[in-house]
Amino acid sequence: MPESKTRRKNNKPRGGSDAQTYDKPLPKWYKPVMFGLMILGLIWIMVYYISQTVLPIPMIGGWNIVIGFGLAMVGFFMTTGWR
């Protein structure tokens, strides 16, 4: 009776090149920028409320809130890549 052929084992790592990108360390500027954006957004909103909507940019009015939250959210989104 004939024998069936044996299968060759695949020695390639699973995930391909995607697995290698997670092993790379973060650049040194990543953490300071991440925390800096979160703090800057918070300070922007605090200045807006403390100055009774006069500062930081008086011409745009309520859009100062959007700018402050936008800066903070960019910092929070950066935390997903932090290792």
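Structure's up top.
Residues numbered from 1 in each chain as written. Predicted model: local features only at pLDDT ≥ 70, side-chain atom pairs only at ≥ 80, totals over all residues. Heavy atoms only, no water.

Caption draft 1: Representation of a nonpolar patch on the surface. Together, F35, I39, I43, V47, V54, L55 and W82 make up a nonpolar patch on the protein surface, roughly 600 Å² of accessible area in all. The residue I43 is located in helix α2 (residues 30–50) in this model. Residue class for I43 comes out partly exposed when judged on its relative accessible area of 44%. (Patch = residues over 30% accessible without salt bridge, like charges linked within 9 Å, V, L, I, M, F, W, Y side chains within 5 Å. Areas by Shrake-Rupley, 256 points an atom, 1.4 Å probe, with all protein chains shown as cover. Salt bridge = Lys/Arg side-chain N within 4 Å of Asp/Glu carboxyl O. Helix = DSSP H or I, 4+ residues; strand = E, 2+ residues; numbered from the N terminus. Buried < 20%, exposed > 50% of the residue type's maximum accessible area, 1.4 Å probe, protein only.)

Caption draft 2: Fine view of α2. Here α2 spans 30 Å end to end across 21 residues, near enough to the 30 Å set by a 1.5 Å rise per residue. Restricting attention to buried positions, one finds in α2 the residues Y30, M34, L37, M38, G41, W44, I45 and Y48. Along the axis of α2, the buried positions cluster into a sector of 120°, meaning they face one direction only. Turned more than 90 degrees from where α2 packs its buried face, P32, I39, L42 and I50 sit exposed. For α2, the secondary structure elements touched by its buried residues are α3 (63–78). The positive-phi residue at the C-terminal boundary of α2 is Q52, with phi of around 55°. (Expected span 1.5 Å × (residues − 1). Arc of directions from axis to C-beta. Contact = heavy atoms within 4.5 Å.)

Caption draft 3: Seen up close, the packing of α2 against α3. The contact between α2 and α3 brings their axes to 8 Å, and the two run at 160°. With respect to α3, the axis of α2 lies roughly antiparallel. Crossing of α2 over α3 shows left-handed handedness. Along the contact surface, α2 presents Y30, V33, M34, L37, M38, L40, G41, W44, I45, Y48 and Y49, while α3 presents N64, I65, I67, G68, F69, L71, A72, V74, G75, F76 and M78. Broken down by class, the residue content of the contact of α2 with α3 amounts to 18 nonpolar, four polar and no charged. (Axes fitted to C-alpha atoms, helices over the stretch in contact; angles between N-to-C directions. Parallel < 35°, antiparallel > 145°, perpendicular 65-115°, else oblique. Left-handed = near helix turned anticlockwise from the far one by under 90°. Nonpolar A, V, L, I, M, F, W, Y, C, P; charged D, E, K, R; others polar.)

Caption draft 4: Summary view of the environment of M34. With respect to the secondary-structure elements, M34 resides in helix α2. Along the sequence, M34 and W82 sit 48 residues apart, while their C-alpha atoms lie 9.1 Å from each other. Those residues in contact with M34 that sit more than four places away from it in its chain are G75, M78, T79 and W82.

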